[in-house]
Amino acid sequence: MGYTVAQLGSDFRAALKAHPGPAGREKVCEILKKALVDKDFVKANFDDNTPERKILYEDPELGFCILAHHYRGAKESTPHDHGRAWVVYGVQSGALEIGTYVRVEDSRGQKLVRRETVVLRPGEASAYLPGDIHDTRCLTENALVFRFTERDLRHEDQVERRVTRFVEQGGEWFAAVR
């Protein structure tokens, strides 16, 4: 028998408690990679009707969320961070490109410069820490992606307004004014 969402949540909680800080997120990546190749787990949580964003689990103790994303066609996000929260992306099918950025100062203020780009393919996962600026782009017609977040990021973004988003101006990225 494969993973259940409750078991995945329990394993994530145990890893985070045993390994606080970045080491815990790396443990979560290892656990998530196992779930990504578990056909029973995927079948139980994804089908053709899965919406683009679906919260599968919210941990009552630590507050983290496990989300499923079913991307159909082109989907991309502009550069952003997750405020005080970290995030782990894992790909079950398709391919997801993630670019990371560093802030640099110029005469117009802080702008972003792309640092690196990675492509996550089925069975791969990667962690991003609080303040890491990144963007995402679905490279395939369809993609099934799991996203594991430290907390409810909609609340972090829309209520607490701690997420920084960036806008393009003349081919360069600058922090959006909120």
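As the structure is a computational prediction, the values presented were derived from the model and not from experiment.

Participant: What is the right way to read helix α2 (residues 22–36) from this model?
Facilitator: An α-helix turns once every 3.6 residues. As a result, residues three or four positions apart point the same way. If you check α2, its first and last C-alpha atoms are 21 Å apart, about what 15 residues at 1.5 Å a residue would give, namely 21 Å. Three or more residues of α2 are buried, namely Gly24, Arg25, Val28, Cys29, Ile31, Leu32, Ala35 and Leu36. Tucked inside the fold, the buried residues of α2 contact α1 (5–18), α3 (39–45), β4 (87–93), β7 (125–128) and β9 (142–149).

Participant: Would you explain the pattern of salt bridges in this entry?
Facilitator: Scanning the model with the defined rule gives 6 salt bridges in all. Residues Arg13 and Asp59 are paired through a salt bridge, measuring 2.7 Å at the closest nitrogen-oxygen approach. Highlighted residues: Arg13 in helix α1 and Asp59 in the loop between β1 (54–58) and β2 (65–72), separated in sequence by 46 residues. Among the salt bridges present, the one from Lys17 reaches Glu61, with a minimum N-O distance of 2.4 Å.

Participant: How should I be thinking about the packing of aromatic side chains in this particular structure?
Facilitator: Aromatic rings in a pair are described by how distant their centres are and how their planes are angled relative to each other. A complete count under the given rule lists 8 aromatic pairs for this structure. Judged by centre distance (4.8 Å) and plane angle (65 degrees), the rings of Phe64 and Phe148 are edge-to-face. Taken together, the positions of Phe64 in the loop between β1 and β2 and Phe148 in strand β9 put the pair 84 residues apart, joining distant regions of the chain. For Phe148, a relative accessible area of 1% puts it in the buried group. Both rings, one in Trp86 and one in Phe148, keep their centres 5.0 Å apart while their planes meet at 45 degrees; by these two values the pair is tilted. Residue Trp86 is located in the loop between β3 (76–80) and β4, and its partner Phe148 is located in strand β9; the two are separated by 62 residues in the primary sequence.

Participant: Please clarify how the side chain of Arg13 should be interpreted in this entry.
Facilitator: Residue Arg13 is classed as buried on the basis of its relative accessible area, which comes to 18%. Discounting chain neighbours no more than four positions away, the residues touching Arg13 are Tyr57, Asp59, Glu61, Leu62 and Phe64.

Participant: What am I meant to see in the nonpolar core here?
Facilitator: For soluble globular proteins, the rule of thumb is that nonpolar side chains tend to be buried together. Among the nonpolar cores identified, the biggest contains 27 residues, and Leu8, Phe12, Phe41, Ile66, Val88, Phe146 and Phe148 are the most heavily contacted of them. Broken down by secondary-structure element, the contributors of at least two residues to this core are α1, α2, α3, β1, β2, β7 and β9. At 6 residues, α2 tops the list of elements feeding residues into this core. Counting 11 residues, the second-largest nonpolar core is a separate cluster that includes Tyr71, Val91, Leu120 and Tyr128.

About the criteria used
- Residues numbered from 1 in each chain as written.
- Predicted model: local features only at pLDDT ≥ 70, side-chain atom pairs only at ≥ 80, totals over all residues.
- Heavy atoms only, no water.
- Helix = DSSP H or I, 4+ residues; strand = E, 2+ residues; numbered from the N terminus.
- Expected span 1.5 Å × (residues − 1).
- Buried < 20%, exposed > 50% of the residue type's maximum accessible area, 1.4 Å probe, protein only.
- Contact = heavy atoms within 4.5 Å.
- Salt bridge = Lys/Arg side-chain N within 4 Å of Asp/Glu carboxyl O.
- Phe/Tyr/Trp six-rings, centres within 6.5 Å; stacked < 30°, edge-to-face > 60°.
- Core = buried A, V, L, I, M, F, W, Y, C linked by side-chain atoms within 4.5 Å.

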